[in-house]
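Spelled out from the first residue to the last, the chains are:
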Amino acid sequence: MAKINFKPGNMLYPLPAVLVSCCDTGTSPNLLTVAWTGTVCTNPPMVSISVRPERYSYSLIKNSGEFVVNLTTKDLAFAVDYCGVRSGRDVNKWEKCHLTMVPADTVSCPMVAESPVNIECHVTEIKELGSHHMFLAEVTAVHVDDTYLDEKNSFHLNDSGLLAYSHGTYFTLGDALGTFGYSVQKEKKRKKAGGDKNYHKNPRHN
Ligand SMILES: Cc1cc2nc3c(=O)[nH]c(=O)nc-3n(C[C@H](O)[C@H](O)[C@H](O)COP(=O)(O)O)c2cc1C
């Protein structure tokens, strides 16, 4: 086994591919697909999206200082791809993808009703990195689909069929391998927390 030296590039995968909704005064709300996105701070809650300045959405986000990150699922895969290859300059992507607008609380652009989580964001800084400009933004509201809330109000996001993007291909998530901290949990506690039958043991210790 040998390592081949690749030219430096973007090889951090898997990533979420989110639908970002945005608008500006006097324009119809638009959607674009963004994979260069991430959580960047817990407190205050902050996210980033990196967008090429030539995108139609770029000036909408820059001028309004607002956007919504809509998480995506298997059922939204077609829309994720379509909104990433067609421009709001030419088509109404909401209509084409049969997506429903829901008013947001703290921003003027609408949220995607079909998305399990909508994250309202206010831009705090724009970093002109190069091909992409990174919008750093503070999260000002989060909405979750109550379909995934149980009777104790626990949110089961992983039941929504989340979508991942890896090296040019869209995927659903596979089997659960463990929950946060499972590698150091006592076996008894692990079993009590829902059983560990399918959880991934360290193959090097078997
Ligand atoms: C899976 C996927 C991920 C993408 N990620 C980004 C991204 O992170 N940043 C970006 O500027 N464009 C990204 N794009 C491209 C834009 O979504 C695309 O150019 C879109 O048509 C722009 O729409 P607009 O012209 O309506 O703004 C991505 C496209 C796809 C299909």
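Look above for the structure.
Enquirer: Sorry if this is basic, but what is going on with the site of the ligand here?
Expert: Taken together, 22 residues are adjacent to the ligand, and Trp36, Ser57, Gly84, Ser87 and Gly88 come closest. Contributing elements (two or more residues each) for the shell around the ligand: β2 (30-34), β4 (46-51) and α1 (56-64). Here the shell around the ligand gets 4 residues from one element, more than from any other, and that element is β2. Taken together, the residues of the shell around the ligand sort by class into 9 nonpolar, 8 polar and 5 charged.

Enquirer: Looking at this structure, how should I read the sheet that holds strand β5 (residues 66-70)?
Expert: Strand pairing within a sheet occurs via backbone hydrogen bonds; the two strands may be parallel or antiparallel. Pairing is antiparallel across the open sheet formed by 7 strands, whose spatial order is β2-β1-β5-β8-β9-β4-β3. Looking at the sheet topology across the chains shown, the edges are occupied by β2 and β3 (37-41). Put simply, the sheet's adjacent strands are angled 35° from each other on average, direction ignored. Bridge analysis of β5 against strand β8 (residues 117-128) gives 5 bridges, and the strand direction is antiparallel. In the strand pairing of β8, Asn70 is matched with Asn118. Strands β1 (18-22), β2, β4, β5, β8 and β9 (133-144) of the sheet are contacted by α1, whose axis makes an angle of about 60° with β1.

Reading guide: rules and limits
- Residues numbered from 1 in each chain as written.
- Predicted model: local features only at pLDDT ≥ 70, side-chain atom pairs only at ≥ 80, totals over all residues.
- Near = placed C-beta within 6 Å.
- Helix = DSSP H or I, 4+ residues; strand = E, 2+ residues; numbered from the N terminus.
- Nonpolar A, V, L, I, M, F, W, Y, C, P; charged D, E, K, R; others polar.
- Pairing = 2+ DSSP bridges.
- Axes fitted to C-alpha atoms, helices over the stretch in contact; angles between N-to-C directions.
- Contact = placed C-beta atoms within 7 Å.

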